[in-house]
Amino acid sequence: MSNQSWLTLLQEYRTIAVIRTSDQSLGRQMAQAVAAGGIKLIEITWNTDAAADLIRHLRQALPDCTIGTGTLLNLEQVHQAIEAGAEFLFTPHTNITLINTAVNAGVPIVPGALSPSEIVTAWDAGASCVKVFPIQAVGGVSYIKALQGPLGHIPLIPTGGVTFANAKDFITVGAIAVGLAGDLFPTSLIASGDWHGITQRAKKLRSQFSGDP
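Reading the values: rules and limits
- Residues numbered from 1 in each chain as written.
- Predicted model: local features only at pLDDT ≥ 70, side-chain atom pairs only at ≥ 80, totals over all residues.
- Heavy atoms only, no water.
- Axes fitted to C-alpha atoms, helices over the stretch in contact; angles between N-to-C directions.
- Helix = DSSP H or I, 4+ residues; strand = E, 2+ residues; numbered from the N terminus.
- Parallel < 35°, antiparallel > 145°, perpendicular 65-115°, else oblique.
- Left-handed = near helix turned anticlockwise from the far one by under 90°.
- Contact = heavy atoms within 4.5 Å.
- Nonpolar A, V, L, I, M, F, W, Y, C, P; charged D, E, K, R; others polar.
- Buried < 20%, exposed > 50% of the residue type's maximum accessible area, 1.4 Å probe, protein only.
- Lys, Arg positive; Asp, Glu negative; His and termini not counted.
- Salt bridge = Lys/Arg side-chain N within 4 Å of Asp/Glu carboxyl O.
- Arc of directions from axis to C-beta.
- Polar contact = N/O pair within 3.5 Å; in protein donor to acceptor, adjacent residues only side chain to side chain.
- Phe/Tyr/Trp six-rings, centres within 6.5 Å; stacked < 30°, edge-to-face > 60°.
- Expected span 1.5 Å × (residues − 1).

## Regarding the packing of helix α4 (residues 75-84) against helix α5 (residues 96-105)
For step 1, the next point in the chain: Taken N-terminus to C-terminus, the directions of α4 and α5 make an angle of 20°; their axes are 10 Å apart at the nearest point. Viewed along their axes, α4 and α5 adopt a mutual orientation that is roughly parallel. Between α4 and α5 lies a crossing whose hand is right-handed. Judged by residue contacts, Leu75, Val78, His79 and Ile82 of α4 engage Thr97, Leu98, Thr101, Ala102 and Ala105 from α5.
For step 2, the next point in the chain: Along the lines of polarity and charge, the residues of the contact of α4 with α5 split into six nonpolar, three polar and no charged.

Structure follows, in structure tokens:
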């Protein structure tokens, strides 16, 4: 996938569902539930049970969705994720070797960064976007807004503290998209197998961005 195609998807959908689970069957149901609610960008964290197999399965089962992975920590994991067919890659940190590997493979990569120096380093190394993580620890929406002046040319994806209540605010102040995990998949709904409830949450989240340019 080209970087431009990836950016177009982010601008269209604005939301990435982040799935982390110790049970692959739950991961399948979680992905299917949010896909039914209109969320088409799904990240399976690499520390999910049998992540590579789950990615392969979801690419077949949900052909209208874009399935990627995150929490990639080293070069071996990046190679394995690409081999599994991950369509985008997230890391919690900035590592130039990992960025170069993904760029050479033609797979969008979104490294994690926090300070302006880290963000610029990641971008200059060829990152497709930059994940600002953990966003809640450094001021949330106000931090993304403050970065827009000097770094407005860099597409930012805040994670780690994005909720239903503030997701739209991040987009309004300049983020290209947001990543949600816990607030999209409440423990109570997962425990009870209320997949319809999660689908409804996905629909509610998507509705915040209806008509968003």
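## Quick look at the side chain of lysine 131
For step 1, the next point in the chain: For lysine 131, the location among the structural elements is in strand β7 (residues 130-132).
For step 2, the next point in the chain: Nearest to the buried, unbridged lysine 131 among oppositely charged side chains is glutamate 43, at 5.7 Å.
For step 3, the next point in the chain: Setting aside residues up to four positions removed in sequence, lysine 131 forms contacts with Phe90, Thr91, Pro92, Val110, Pro111, Gly112, Ala113, Ile157 and Thr159.

## Comments concerning α5
For step 1, the next point in the chain: Taken together, the buried positions of α5 are occupied by Leu98, Ile99, Thr101 and Ala102. Summarising the axial view, the buried residues of α5 lie within an arc of 165°, below the 170-degree limit, and thus occupy one face.
For step 2, the next point in the chain: Contacts made by the buried residues of α5 are with α4, β4 (89-90), β5 (109-110) and α6 (116-124).
For step 3, the next point in the chain: The distance from a side-chain oxygen at the start of α5 to the backbone nitrogen of threonine 97 is 3.0 Å, and the residue carrying that oxygen is asparagine 95.
For step 4, the next point in the chain: Of the residues trailing α5, glycine 106 is marked for its positive phi of about 75°.

## A short note on the packing of aromatic side chains
For step 1, the next point in the chain: Scanning all chains against the criterion turns up two aromatic pairs.
For step 2, the next point in the chain: Each ring, one from phenylalanine 88 and one from phenylalanine 90, has its centre 5.7 Å from the other, and the planes form 80°; the classification is edge-to-face.
For step 3, the next point in the chain: Looking at phenylalanine 88, the relative accessible area reads 0%, which means it is buried.
For step 4, the next point in the chain: Here the aromatic cluster, defined as three or more aromatic residues joined through ring pairs, consists of Trp6, Phe88 and Phe90.

## Here we look at the pattern of salt bridges
For step 1, the next point in the chain: Using the criterion set out here, one finds two salt bridges in the structure.
For step 2, the next point in the chain: For glutamate 87, the salt bridge is made with arginine 59, and the minimal N-O distance between the two is 3.5 Å. Here arginine 59 lies in helix α3 (residues 51-61) and glutamate 87 lies in the loop between α4 and β4, a separation of 28 residues in the sequence.

## A short note on unusual backbone geometry
For step 1, the next point in the chain: Following phenylalanine 133, the chain continues to proline 134 via a peptide bond in cis, the omega torsion being -5°.
For step 2, the next point in the chain: For proline 134, the position within the fold is in the loop between β7 and α7 (141-151).
For step 3, the next point in the chain: Even without a glycine there, the phi angle at arginine 14 is positive, about 65°.
For step 4, the next point in the chain: Relative to the helices and strands, arginine 14 is located in the loop between α1 (3-13) and β1 (15-19).
For step 5, the next point in the chain: In this structure, threonine 71 is a non-glycine residue whose phi angle is positive, near 60°.
For step 6, the next point in the chain: For threonine 71, a relative accessible area of 19% gives the class buried.

## Looking at helix α2 (residues 24-36)
For step 1, the next point in the chain: Taking 1.5 Å per residue, 13 residues should reach 18 Å; α2 reaches 18 Å between its end C-alpha atoms and fits that length.
For step 2, the next point in the chain: Considered for burial, the residues of α2 that qualify are Gln24, Gly27, Met30, Ala31, Ala33, Val34 and Ala35.
For step 3, the next point in the chain: Of the residues trailing α2, glycine 38 is marked for its positive phi of about 100°.

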